[in-house]
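Chains, contacts and geometry: an overview
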Amino acid sequence: MPVYSRKTLRQALGRSHWIRDTLVGTTTGSWGNTGSATIWDSAKANLLYSGEDLYHRSWAKAAGCELRIATWNTGSGAWMALQTAGSTIASGVEYEIHEMIAPSEKDEALDETIKRVQVRREEPVWSVDQARIYALPAGVIDVLDCYYFASPNGSLTRDRGNFNHWEPVETGSRSEIRIDPPLTVSQQLILDALVIPTLGAADTATVSLPNDRWIIAGAAVDCLSRLAARSPGQEGARYEERRKAAARAYSSLSARFQVQIDRPVQMGQPFERTDLAETEW
């Protein structure tokens, strides 16, 4: 399954044809963290835009800081904020300029979309000698199949084995899986599980997803809803039309990439009580 970072998803969302408000580049000069924060890229200098007040009140993200742009110098290609940067914005640092939706809001939209996604993957749990009950790993919401590897570190074969019976159970304190027969030490319990993926807060945090276009379309619906609510009259209607187009794309991609669920048939109920006398039944 492909792996995507938070920064990659945010930039792809901002540059998608639904939003298209994000500029990504690399600084060509160094600026200290005293006084007004400045992001300088001489390659973007263009005197033809002089007097047009471009990028006013846009957002910049660089060196871990999110800044609100006060002005853009068309002669030098420098974006200047009235804030003080938390660290030096050195030469060669990647930066982002977001014109309509703040990078933090794009991150929120991505997080909300990812929370609605389910992926199917193997979740390994190392065995405890003769244990029949194991806590489910964090993020697992359902178990579709359960088996074990007798030789999980084997280079030629993993020697897969099946249980007589397994059963996920919700208790008052946790979710757990109960198996029969128990495993011995150094074996590995494998859960074929539905998992909600998580994406950390850092730009370098990564998440495994079936496809990035699916998540970007869902996040675009959220972003365009915000823009439609903030914009007056005809502008709001224009964003609403784009929101509907993004929603149709998200629905189509959901049908394509949603998890296919199948479960093995199990016979018998070994976890029922069997110690009662005949007269008690």
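Right, let's walk through the structure included here. Since the structure is predicted, the reported quantities are computational estimates derived from the model, not experimental observations.

1. So, the sheet that holds strand β6 (residues 78-81)
Ordered in space as β2-β7-β4-β5-β6-β3, the 6 strands form an open sheet in which the pairing is antiparallel. With one partner strand each, in any of the chains shown, β2 (22-26) and β3 (38-40) form the two edges of the open sheet. The average angle at which neighbouring strand axes cross in this sheet is 30 degrees, direction not considered. Bridge count between β3 and β6: 3 bridges; the pairing is antiparallel. Its bridge partner being in β6, Thr-38 is matched across the sheet by Met-80. Contacts from helix α1 (residues 6-14) reach β2, β4 (59-62) and β7 (94-98) within the one sheet, and its direction differs from that of β7 by about 40 degrees.

2. Looking at the pattern of salt bridges
Inspection of every chain in the model, using the stated rule, returns 21 salt bridges. Glu-105 is the salt-bridge partner of Arg-226, the closest N and O atoms lying 3.3 Å from each other. In this pair, Arg-226 sits in helix α3 (residues 212-230) while Glu-105 sits in helix α2 (residues 103-115), placing the two residues 121 residues apart along the sequence. Residue Glu-105 is classed as buried on the basis of its relative accessible area, which comes to 13%. For the salt bridge of Glu-240 with Arg-243, the shortest nitrogen-to-oxygen distance reads 2.8 Å. Residue Glu-240 and its partner Arg-243 are located together in helix α4 (residues 233-257), separated by 3 residues, close to a single helical turn. Within the structure, one salt-bridge network assembled from shared partners comprises Arg-6, Arg-10, Glu-96, Asp-107, Asp-111 and Asp-203.

3. So, the pairing of β4
On β4, burial covers both faces: Trp-59 and Lys-61 on one face and Ala-60 and Ala-62 on the other are all buried. When β4 meets strand β5 (residues 65-73), the two strands line up antiparallel, connected through 4 bridges. Its bridge partner being in β5, Trp-59 is matched across the sheet by Arg-68. A loop of 2 residues connects β4 with β5, the two strands running antiparallel in sequence, and Ala-63 in this loop sits at a positive phi of about 50 degrees.

4. Topic: the nonpolar core
Within the largest apolar cluster, 48 residues are counted, with the highest numbers of intra-cluster contacts made by Ile-177, Ile-179, Leu-189 and Leu-191. Secondary-structure elements contributing two or more residues to this core are α1, α2, β8 (119-126), β10 (140-149), β13 (175-180), β14 (188-195), α3 and α4. By residue number, the principal contributor to this core is α3, which donates 11 residues. In terms of nonpolar packing, the next biggest core, distinct from the first, is built from 15 residues, Cys-65, Trp-79, Ala-85 and Tyr-95 among them.

5. Quick word on the environment of Thr-184
Relative to the elements of secondary structure, Thr-184 occurs in the loop between β13 and β14. Taking the relative accessible area as the measure of exposure, Thr-184 reaches 36% and is therefore partly exposed. Taking the C-alpha atoms as reference points, Thr-184 and Arg-263, separated by 79 residues in sequence, lie 26 Å from one another. With residues up to four places along the chain from it excluded, the contact list for Thr-184 reads Ser-127, Asp-129 and Gln-130.

6. Here's the deal with the sheet that holds strand β9 (residues 133-135)
Taken in spatial order, the 3 strands of this open sheet run β9-β13-β12, and their pairing is antiparallel. Each edge of the sheet is formed by a strand with only one pairing partner; in this case those strands are β9 and β12 (165-170). Across this sheet, the average inter-strand angle for adjacent strands is 25 degrees, counted without regard to direction. Here β9 pairs with β13 via 3 bridges, running antiparallel. Counted as the bridge partner of Ile-133 is Arg-178 from β13.

7. Here we look at the environment of Val-259
Counting through the fold element by element, Val-259 comes out in the segment after α4. C-alpha separation for the pair Val-259 and Gln-118, spaced 141 residues apart in sequence, amounts to 6.7 Å. Setting aside anything within four residues of it in sequence, one finds Val-259 in contact with Gln-118, Val-119, Arg-120 and Leu-194.

8. Digging into α2
A rise of 1.5 Å per residue sets the reference length of α2, with its 13 residues, at 18 Å; its end C-alpha atoms lie 18 Å apart and thus fit the reference within 8%. When we look at burial in α2, the residues that qualify are Pro-103, Glu-105, Lys-106, Asp-107, Ala-109, Leu-110, Thr-113 and Ile-114.

The rules behind the values
Residues numbered from 1 in each chain as written. Predicted model: local features only at pLDDT ≥ 70, side-chain atom pairs only at ≥ 80, totals over all residues. Heavy atoms only, no water. Pairing = 2+ DSSP bridges. Helix = DSSP H or I, 4+ residues; strand = E, 2+ residues; numbered from the N terminus. Axes fitted to C-alpha atoms, helices over the stretch in contact; angles between N-to-C directions. Contact = heavy atoms within 4.5 Å. Salt bridge = Lys/Arg side-chain N within 4 Å of Asp/Glu carboxyl O. Buried < 20%, exposed > 50% of the residue type's maximum accessible area, 1.4 Å probe, protein only. Core = buried A, V, L, I, M, F, W, Y, C linked by side-chain atoms within 4.5 Å. Expected span 1.5 Å × (residues − 1).

It is worth stressing that arrangement in space is one thing and function is another; only the former is reported here.
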